[in-house]
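Structural overview
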Amino acid sequence: MQNLFEGYGISKEGITSLSPREAFLLIQKGALYVDLRDTDFSDFKIPDVPDIFLLPQKMLKTAFNKLPADRHLILADSSGLHSKEVVKFLKENGYEKVAHLAGGFVEWERDGFPVRVDVNERLSGACACQLKPRERGQ
């Protein structure tokens with residue numbers, strides 16, 4: 001199987017960083033978007049792509065083996081800060097075809113790539129300690 005990541009992104013210290021545009025193109029070629037965000041966030045907004053794997057980062061160490069090792073994986077968190085560490089972890093555990101989305105979901109959405117929104121999962125509140133569902137039950 002060819003390396004879909006070849007010729008895309010910037011590689012540094014064995015980690016490939018992809019722009020949202022590159023990630024979108026690679027997803028169309030068969031790469032799998034792996035959303036590492038907590039479900040509080042991914043339940044509300046998620047990339048609107050044909051194939052996505054939800055794996056909250058807090059579950060990574062116990063559930064990473066559910067990721068398909070034969071697929072090219074594009075790891076994305078909210079802002080791209082933690083997904084690099086997940087790439088390192090997966091490579092240490094035998095996954096070879098992994099890259100991360102530079103800027104994470106924030107950049108994906110900002111750059112205008114497709115997003116699916118479930119307003120029933122929108123949260124509101126003055127601070128994180130008071131977040132609660134906004135539209136649910138109406």
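Residues numbered from 1 in each chain as written. Predicted model: local features only at pLDDT ≥ 70, side-chain atom pairs only at ≥ 80, totals over all residues. Heavy atoms only, no water.

**Considerations on the sheet that holds strand 2 (residues 15–18)**
The strands making up a sheet associate through backbone hydrogen bonding, with each pair oriented either parallel or antiparallel. Spatially, the 6 strands line up as an open sheet ordered 1-2-7-6-3-5, and their pairing is mixed. A strand with exactly one partner marks an edge of an open sheet, and here the two such strands are strand 1 (10–12) and strand 5 (52–54). On average, each strand axis in the sheet is inclined to that of its neighbour by 30 degrees, with strand direction left out of account. Bridge count for strand 6 (residues 73–76) against strand 7 (residues 98–101) is 3 bridges, and the pairing is parallel. Bridge pairing links isoleucine 74 to alanine 99 in strand 7. Contacts from helix 1 (residues 20–28) reach strand 2, strand 3 (32–35), strand 6 and strand 7, with the element oriented near 100 degrees to strand 2. Sitting on the sheet, helix 4 (residues 83–92) is in contact with strand 2, strand 6 and strand 7, with an inclination near 175 degrees to strand 7. (Pairing = 2+ DSSP bridges. Helix = DSSP H or I, 4+ residues; strand = E, 2+ residues; numbered from the N terminus. Axes fitted to C-alpha atoms, helices over the stretch in contact; angles between N-to-C directions. Contact = heavy atoms within 4.5 Å.)

**Observations regarding helix 4**
Residues of helix 4 that are buried: Ser83, Val86, Val87, Phe89 and Leu90. Here the buried residues of helix 4 occupy an arc of 165 degrees about the axis, which is enough to place them on one side. Looking at the buried positions of helix 4, the neighbouring elements they touch are strand 2, helix 3 (60–63), strand 6 and strand 7. (Buried < 20%, exposed > 50% of the residue type's maximum accessible area, 1.4 Å probe, protein only. Arc of directions from axis to C-beta.)

**Focus on the environment of alanine 99**
By secondary structure assignment, the location of alanine 99 is in strand 7. Judged by relative accessible area, alanine 99 falls into the buried class, the value being 0%. As a C-alpha pair, alanine 99 and isoleucine 74 span 25 residues in sequence and 5.0 Å in three-dimensional space. Setting aside chain neighbours within four positions, we find alanine 99 in contact with Phe5, Thr16, Leu18, Leu73, Ile74, Leu75 and Val87.

**A word on the packing of aromatic side chains**
With the rule as written, the count across this model stands at 6 aromatic pairs. Aromatic ring contacts, followed pair by pair, group Phe24, Tyr33, Trp108 and Phe113 into a single cluster. Above the plane of the ring of phenylalanine 105 lies arginine 37, whose end atom (NZ or CZ) is 4.1 Å from the centre. (Phe/Tyr/Trp six-rings, centres within 6.5 Å; stacked < 30°, edge-to-face > 60°. Lys NZ or Arg CZ within 6 Å of the ring centre and 35° of its normal.)

**Re the environment of glycine 14**
By the element assignment, glycine 14 lies in the loop between strand 1 and strand 2. Glycine 14 gets classed as partly exposed once you look at its relative accessible area, which sits at 46%. On a C-alpha basis, the gap between glycine 14 and alanine 99 in space is 9.4 Å, while along the polypeptide they are 85 residues apart.

**A short note on the nonpolar core**
With 17 residues, the main nonpolar core has Val34, Leu67, Leu73, Leu75, Leu90 and Tyr95 as its most contacted residues. Examining the composition of this core, we find that 4 residues originate from one element, helix 4, more than from any other. Beyond its immediate chain neighbours, meaning those up to four positions away, valine 34 contacts Phe53, Leu55, Leu67, Leu73, Ile74, Leu75 and Ala76. Leu26, Ile27, Phe105 and Trp108 belong to the second-largest nonpolar core, a separate cluster that totals 16 residues. (Core = buried A, V, L, I, M, F, W, Y, C linked by side-chain atoms within 4.5 Å.)

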